[in-house]
Amino acid sequence: MCGICGTVGRARAPELQAMTDSMAHRGPDGRGVALFEGEPPAGLGHRRLAIIDPTPAGAQPMGFADRWWITYNGELYNFRELRRELEMDGESFRSDCDTEVLLRLFVSRGPKMLKDLNGIFAFAVWDDFEKRLFLARDRLGVKPLYHTQVNGCFAFASELRALLPLIGRPSLDETALADYLTFLWVPDPKTAFKEVRKLPPGHFAWFDSDGLRVEQYWDLRFAPEDRSEDEWRMLVATAVTESAQRQMVSDVPLGSFLSGGVDSSAIVAAMSQTGQQVSTYTVGFSRADLRHEIVPDDLRHARRVGDFLATDYHETILQPDVLELLPKTVWHLEEPIADPAAISTYLICREARELGPVMLSGIGGDEVFAGYPRYLAYKISRSLDAVPRPFIEAASNVIAGLARPGMSGRLRGPRRNLWKYMRGAHLPPSERYLSFSSYYARHDLNEVLVPELQNELRDYDPFAIHRAYIDHEGTGDELSGLLYRDAKTFLPCLNLTYTDKMGMAASVEVRVPLLDDELVALAAKIPSSLKIKRLRRKYIFKRSQEERLPREIIWRRKAGFGAPIRSWLEKDLGLLITDLLSDESIGARGLIQSKEVRRMQIENTRGLGDYSLQLYTLLTLELWQRTFLDRTWTFDSIGAAPFIGSLL
């Protein structure tokens, strides 16, 4: 894993070095810059985290034939097979790294080579003869790639912060604010900055004298095949094993996260089949911190799997200094992302770094095999569609009123889930699912935004792009439509974004075997009836692990991965909200109505509602604005992560 950047139309060594060094955490093992004269001038930058062939032969930017130059972030899991194909065509290599293979593939096959890759990547190739730039991002968006065009200069980077000195003083995209408040994150290709965009997953782009042209090279296609359940069970079991073992390629120490859930446990089981003892890392929180949360403590399940698979088991009980960590998290996320799981991800990556710089994760299994509770909630809600709508609406209003989350206790979680379910049960199907996966309906959003902003956004619908994905042609059935939407938005824009950035903040490469290209392609052929069977989510995936893991691990209640945000809000973050979300601070921004913030605080405290994530969303937004918008960025001041005192 690495950090990449580059410019076209402007090529100044000190600027490229500053852009590159701002991503030093992404690549502590080396730095490289290449400049190209002519019209237009161009430059590439690279920070290296050496995983495969850590010798100088793998240094970047890497050139070929004094014409093509690459800067690349990622891993190709099938690069050895691709190298053999090229060698059969007469190519020879001077290194043993995947970077050289990737560059030669591009030179020989052009953009068509992207369909041959199995890996996670974002890369750029500069053609110094044609004077044009090629950019590409992996199929599902594991690796980020940002770009901007300002004052005659096109620039790209793995991290937003490297681009900001070219902009100077960035501004908030107000439609992105509506997206963020609704979903806690901003969908591709937008960012929260007006001036910066993302290259979407599964796309490539050319930049030359004709400007930027973006094309899609891959899309998720569902094509169910008629096989028996036993056939699918065996095919999935084999594919999971092959995916995990394929992603174990590394010339440095490698381990795996272990939560005790079926996803991470399946990865560790597959790794263990190589005969090597697997190093695993598990983190947990104190009982006091978890008393407000829906999910139980995972530690006893992780210990059970560690014992069962005889892993080199490492466990840490976290007692984080949230006041120190939150500004650092906001700094490394670069966009406002209000999922407290980002803090937990950083902490486990920081602890796991002692084992080595590469960790495998179970992320992605829920999106590929339908593991989230909202998929089942949608299925149940569809079975109620025969009930007259007025009755559903009346029942929803009554039950939602009775299902107040209340104070902490055993029933708080179920009440909270029932309240969210009933909030959307009366809506049309696609709106219903989006209600289950969002935090503000349109009328709620208008309550929190100031009138001027309501007016500016009156024609903007944060749900529109999500609705289009759900209804996308070719998904075939309703569950596939929901999975397609999540693969295009929730997965890359939230889960993969914070996983990559928090891993890189700790200089750890996080690999995701359950999103392996071959496994994803197989899953798209599995009928939806085997992804959710009766009331069992992720059914065929769990069946595939029955010969490898204890039954109580496979079929236990889903815990999810998060953080004790409600406990944090009662303590340190509560004081921070008082400061950062004061009437004076909110009024100065001119975005949010302070009376709505006060209402949420009061109802949260009294147990009349659960607005923990909404308050955390607003707190994160204010910290993000203070960190990124309230300053003029220069190449001399890209700087390091701020501490909380500097933001108050």
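Going by the structure above, here's the rest.
Within any chain, residue numbers begin from 1 and follow the written order of that chain's sequence. Selection of residues for local features in this predicted model requires a pLDDT of at least 70, selection of side-chain atom pairs for listing and counting requires 80 or more, and totals for whole chains, interfaces and linings are taken over all residues. With hydrogens and water stripped out, all remaining heavy atoms of the structure feed into the side-chain values.

Caption draft 1: Expanded view of the packing of helix α28 (residues 594-606) against helix α29 (residues 612-629). For every element, the axis is a line fit to its C-alpha atoms; helices are fit only across the contacting stretch, and the angle between N-to-C directions ranges from 0 to 180 degrees. Comment: elements are numbered from the N terminus, with helices defined as DSSP H or I runs of at least four residues and strands as E runs of at least two. Running from amino to carboxyl end, α28 crosses α29 at an angle of 140 degrees, the nearest separation of the two axes being 10 Å. With respect to α29, the axis of α28 lies oblique. Relative to α29, the crossing made by α28 is left-handed. For the pair α28 and α29, the contacting residues are V597, M600, Q601 and N604 in the first and S612, Q614, L615 and L618 in the second. Only Asp, Glu, Lys and Arg are considered charged in this grouping, and only Ala, Val, Leu, Ile, Met, Phe, Trp, Tyr, Cys and Pro are considered nonpolar; every other residue, Gly among them, is considered polar. The residue makeup of the contact of α28 with α29, split by class, is four nonpolar, four polar and no charged. By the definition adopted for this analysis, an angle is roughly parallel if under 35 degrees, roughly antiparallel if over 145, roughly perpendicular if from 65 to 115, and oblique otherwise. Left-handed describes a crossing whose near helix is turned anticlockwise from the far helix through less than a right angle; right-handed describes the clockwise counterpart. Residue contacts follow a heavy-atom distance rule, with two residues in contact if any of their heavy atoms lie within 4.5 Å.

Caption draft 2: α29, seen in detail. In a regular helix each residue adds 1.5 Å, so 18 residues correspond to 26 Å; α29 covers 25 Å between its end C-alpha atoms and thus fits that length. With 18 of 18 residues buried, α29 lies mostly within the body of the structure. To estimate the expected span of a helix, count its residues, drop one, and scale the result by 1.5 Å. Burial here depends on accessible area, computed with a 1.4 Å probe over protein chains only, as a share of the maximum for the residue type. Under 20% is buried, over 50% is exposed, and the range in between is partly exposed.

Caption draft 3: Up close: the pattern of salt bridges. Only one rule defines a salt bridge in this text: a Lys or Arg side-chain nitrogen within 4 Å of an Asp or Glu carboxyl oxygen. Scanning the model with the defined rule gives 59 salt bridges in all. A salt bridge links E547 to R233, with the nearest nitrogen and oxygen atoms 3.5 Å apart. Of this pair, E547 sits in the loop between α23 (539-544) and α24 (551-554) while R233 sits in helix α6 (residues 229-246), and the two are 314 residues apart along the sequence. Between R467 and E431 there is a salt bridge, with the nearest N and O atoms lying 2.4 Å from each other. One end of the pair, R467, is in helix α19 (residues 464-470); the other, E431, is in helix α16 (residues 429-436), and 36 residues separate them in sequence. We classify R467 as partly exposed; its relative accessible area is 22%.

Caption draft 4: Representation of the side chain of K198 within the structure. The residue K198 is located in strand β10 (residues 197-198) in this model. In this structure the side chain of K198 is engaged in a polar contact, spanning 3.2 Å, whose partner is the backbone oxygen of K190. Setting aside its immediate chain neighbours within four residues, K198 contacts L145, Y146, H147, V186, P187, D188, P189, K190, T191 and E335. For the purposes of these results, a polar contact is taken to be a pair of N or O atoms within 3.5 Å, where, inside protein, one atom must be able to donate a hydrogen and its partner to accept one; residues adjacent in sequence count only when each atom of the pair is a side-chain atom.

Caption draft 5: Quick look at the layout of surface pockets. Volume-wise, the second largest pocket comes out at about 590 Å³. Points on a 1 Å grid, built from protein atoms alone, make a cavity when a 1.4 Å probe fits but cannot get out and make a pocket when they are open with protein on both sides within 12 Å along at least 5 of 7 lines; residues with an atom within 4 Å of a point are the lining residues. Forming the walls of the second largest pocket are 27 residues, and the residues nearest its centre are R423, Y440, A441, H443 and D444. Looking at the lining of the second largest pocket, the elements that each hand over two or more residues are α14 (389-402), α15 (412-424), α16, α17 (442-448) and α28. Here the lining of the second largest pocket takes four residues from α17, the largest share from any one element. A per-class count over the lining of the second largest pocket returns eleven nonpolar, seven polar and nine charged. Grid points are joined across faces, edges and corners, and a volume is the space filled by probe spheres set on the points.

Caption draft 6: Fine view of helix α5 (residues 174-183). Most of α5 is tucked away: eight of the ten residues are buried. Its buried side turned inward, α5 meets α17, α18 (451-456), α19, α20 (478-488) and α29. Downstream of α5 by one or two residues, L184 has phi in the positive range, about 85 degrees.

Caption draft 7: The arrangement of a nonpolar patch on the surface in detail. Like charges within 9 Å and nonpolar side chains (Val, Leu, Ile, Met, Phe, Trp, Tyr) within 5 Å are joined into patches, using only residues over 30% in relative accessible area that form no salt bridge. Areas reported as accessible are Shrake-Rupley estimates using a 1.4 Å probe. Residue values count occlusion only from the protein chains shown. Together, I380, L384 and L535 line one region of the surface with nonpolar side chains, adding up to about 270 Å² of accessible area. By secondary structure assignment, the location of L384 is in the loop between α13 (373-383) and α14.

Caption draft 8: Region of interest: the nonpolar core. Side-chain atoms within 4.5 Å are what join buried Ala, Val, Leu, Ile, Met, Phe, Trp, Tyr and Cys residues into a set we call a nonpolar core. Judged by nonpolar contacts, the single largest core of 191 residues is most densely connected at L114, F123, L181 and L573. Take this core: its biggest share by element is ten residues, from α29. In contact with L573, other than residues within four places in its own chain, are V322, L326, I565, W568, Y616 and L619. Core analysis: the second largest hydrophobic core is formed by 17 residues, I4, F36, A42 and F154 among them.

Caption draft 9: How the structure looks around the sheet that holds strand β13 (residues 254-257). Should DSSP find at least two bridges between two strands, the strands are taken to pair. Within the open sheet, the five strands sit side by side as β15-β14-β13-β16-β17. Their pairing is parallel. Either end of the sheet is taken by a strand with one partner, and the two such strands are β15 (312-318) and β17 (509-511). Sheet twist, expressed as the average angle between the axes of neighbouring strands with direction ignored, equals 30 degrees. Here three bridges tie strand β16 (residues 358-360) to β17, and the two strands are oriented parallel to one another. Across the sheet, the residue bridging to M359 is V510, located in β17. Seen against the sheet, helix α7 (residues 262-272) touches β13, β14 (279-285) and β16 and runs at an angle of roughly 150 degrees to β13.

Caption draft 10: Broad picture of the sheet that holds strand β9 (residues 153-157). In space, the six strands of this open sheet follow the order β2-β3-β1-β9-β8-β10, with antiparallel pairing throughout. Here the strands that pair on one side only, and so sit at the sheet edges, are β2 (30-36) and β10. Relative to β9, strand β8 (residues 146-150) is paired through five bridges, and the arrangement is antiparallel. Note on β9: the bridge partner recorded for H147 is F156. Across the face of the sheet, helix α1 (residues 13-21) comes into contact with β1 (2-8), β2, β3 (42-48) and β9 while running at roughly 145 degrees to β2.

Caption draft 11: How the structure looks around the pairing of β1. Counting buried positions along β1 gives seven out of seven residues, so the element sits mostly inside the fold. A two-sided burial pattern is seen for β1, the buried positions comprising C2, I4, G6 and V8 on one face and G3, C5 and T7 on the other. By the bridge criterion, seven bridges tie β1 to β3 in an arrangement that is antiparallel. In the sheet register, G3 faces β3, and the bridge partner there is R47. In terms of strand pairing, β1 meets β9 through four bridges, oriented antiparallel. For G6, the partnering residue across the bridge sits in β9 and is F156.

Caption draft 12: Summary view of the packing of aromatic side chains. Centres within 6.5 Å are what make two rings of Phe, Tyr or Trp a pair, Trp counting through its six-membered ring; a difference in plane orientation under 30 degrees is then read as stacked, over 60 as edge-to-face, and the rest as tilted. Summed over the entire model, instances satisfying the criterion amount to 27 aromatic pairs. With 6.0 Å between their ring centres and 5 degrees between their planes, Y375 and Y433 make a pair best called stacked. Of this pair, Y375 sits in helix α13 while Y433 sits in helix α16, and the two are 58 residues apart along the sequence. Residues Y375 and Y433 agree in their burial class; the two are buried. Through a chain of ring-to-ring contacts, three or more aromatic side chains come together here, namely F183, W185, Y372, Y375, Y378, Y433, F463 and F490. Looking at R536, its charged tip hangs above the ring of W555, at a distance of 4.2 Å from the centre. We count a charge as sitting over a ring when the NZ of a lysine or the CZ of an arginine lies within 6 Å of the ring centre and within 35 degrees of the ring normal.

That's the geometry; what it means functionally is another story.
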